[in-house]
Amino acid sequence: MQQTYPFLFLIITIFAFFMNVLGLMQLVPLYVTLPFLFISIYLTIYSFTNQNTYRRRMR
């Protein structure tokens with residue numbers, strides 16, 4: 001399940017980008033689309049760079 005999150009966030013980012021283009025054409029308010037785009041880009045980058053490493057104690 002964790003491997004599907006980056007690709008899900010990537011699809012959401014693409015959708016947010018097209019919504020932002022509609023916002024630039026003044027069809028959708030920009031104050032709605034810009035935070036949505038920012039949050040989706042942030043979650044996409046975070047999910048691709050997050051590494052779940054197991055760090056055990058050295059004896």
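Everything below is about the structure shown above.
About the thresholds
Residues numbered from 1 in each chain as written. Predicted model: local features only at pLDDT ≥ 70, side-chain atom pairs only at ≥ 80, totals over all residues. Heavy atoms only, no water. Phe/Tyr/Trp six-rings, centres within 6.5 Å; stacked < 30°, edge-to-face > 60°. Helix = DSSP H or I, 4+ residues; strand = E, 2+ residues; numbered from the N terminus. Buried < 20%, exposed > 50% of the residue type's maximum accessible area, 1.4 Å probe, protein only. Polar contact = N/O pair within 3.5 Å; in protein donor to acceptor, adjacent residues only side chain to side chain. Contact = heavy atoms within 4.5 Å.

Moving on, we come to the packing of aromatic side chains. In this description, a pair of aromatic rings is defined by centroid distance and the angle of the planes. If you walk through the whole model with that rule in mind, you get five aromatic pairs. Considering the side-chain rings of Tyr5 and Phe9, the 6.2 Å spacing of their centres and the 20 degrees angle between planes classify their relative orientation as stacked. Here the residue Tyr5 and the residue Phe9 both occupy positions in helix α1 (residues 5–24), the gap between them amounting to four residues, near one helical turn. On the basis of relative accessible area, Tyr5 is assigned to the partly exposed category, the value being 36%.

What follows deals with the side chain of Thr33. Within the fold, Thr33 resides in helix α2 (residues 30–49). Polar contacts involving the side chain of Thr33 include one to the side chain of Asn20, which spans 3.3 Å. Residue contacts for Thr33: discarding those within four places in its chain leaves Met19, Asn20, Gly23 and Val28.

Just geometry here; none of it tells us what the structure is for.
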